[in-house]
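Breakdown of the fold
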Amino acid sequence: GTALVTDIFPGAASSSPYELFQIPGGRAVFSANDGLLGIELWVSDGTPGGTALVEDINPGASGSWPGQFALAGGVLYFRALNATSGTELWRWTIGGVSQVADIEPGPGSGSPSGLYAVGSNIVFSGCTTADGCEPWVSDGTAPGTVPLADIHPADGSYPYNFLWHPGLARLFFNADDGV
């Protein structure tokens, strides 16, 4: 049957959970609003006692709006908003939650999207003022988070639909080269 696991935002208001994503150990991560911290990262094993806030990434009531989850090498990657760095690439490991890199330094947003696991790395679309939105790769470290190519130098190529073909050892994706 179907039953409520827990009421994250007690009362008539909705916690608006979204982007449910399965992780090892029979658990799922998702974004939800508890009415105090805004929309933040949560985890659940399907029981009331096993459902909890992972971390308040963007302190205050505005929330971090985590999403675009991908699992690579046992690490959960996602995008989240922080008042200091904008929307950037984050990760959750046994050691906790941390920002991977500030793709668009300062308060601007690197806006990572389309996160896709390739082995222990993540490929995604990342945006900078200088290059627009282009394909990026990350090994989970700031120095290892780099653009793959500047496909459309004048504007950005807006890559999406990443797909790794293991037999060909090639990454395929859609992008606009301006032509």
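Note that this is a predicted model, so its numbers are computed, not measured. (Residues numbered from 1 in each chain as written. Predicted model: local features only at pLDDT ≥ 70, side-chain atom pairs only at ≥ 80, totals over all residues. Heavy atoms only, no water.)

What follows is about the overall build of the protein. The helix and strand tally for the protein stands at zero helices and 14 strands. Secondary structure elements of the protein occur, N-terminal to C-terminal, as β-β-β-β-β-β-β-β-β-β-β-β-β-β. For a compact globule of 179 residues, the expected C-alpha radius of gyration is about 16 Å, and the protein comes in at 17 Å, within 12% of that figure. Seen through its principal axes, the protein has C-alpha atoms that stretch 55 × 40 × 30 Å. (Helix = DSSP H or I, 4+ residues; strand = E, 2+ residues; numbered from the N terminus. Rg over C-alpha atoms; globule rule 2.2 N^0.38 Å.)

A few words on the side chain of asparagine 82. Assignment of secondary structure puts asparagine 82 in strand S6 (residues 75-82). Asparagine 82 gets classed as buried once you look at its relative accessible area, which sits at 13%. At 3.1 Å, the side chain of asparagine 82 forms a polar contact with the backbone oxygen of isoleucine 57. Of the polar contacts made by the side chain of asparagine 82, one reaches the backbone nitrogen of threonine 84; its length is 2.8 Å. (Buried < 20%, exposed > 50% of the residue type's maximum accessible area, 1.4 Å probe, protein only. Polar contact = N/O pair within 3.5 Å; in protein donor to acceptor, adjacent residues only side chain to side chain.)

Moving on, we get to the sheet that holds S6. Read from one edge to the other, the open sheet built from four strands follows the order S5-S6-S7-S8, with strand pairing classed as antiparallel. Single-partner strands in this sheet number two, and they are strand S5 (67-72) and strand S8 (96-101). For this sheet, the mean inter-axis angle between neighbouring strands, taken without regard to orientation, is 35°. (Pairing = 2+ DSSP bridges. Axes fitted to C-alpha atoms, helices over the stretch in contact; angles between N-to-C directions.)

So, on to the sheet that holds strand S1 (residues 18-23). In spatial order, the strands read S1-S2-S3-S4; together these four strands make up an open sheet with antiparallel pairing. Two strands bound the open sheet, and with one partner strand each, they are S1 and strand S4 (51-55). This sheet shows a mean twist of 35° between the axes of neighbouring strands, independent of strand direction. Where strand S2 (residues 27-33) and strand S3 (residues 39-44) come together, six bridges link them in antiparallel fashion. Note on S3: the bridge partner recorded for serine 31 is leucine 41.

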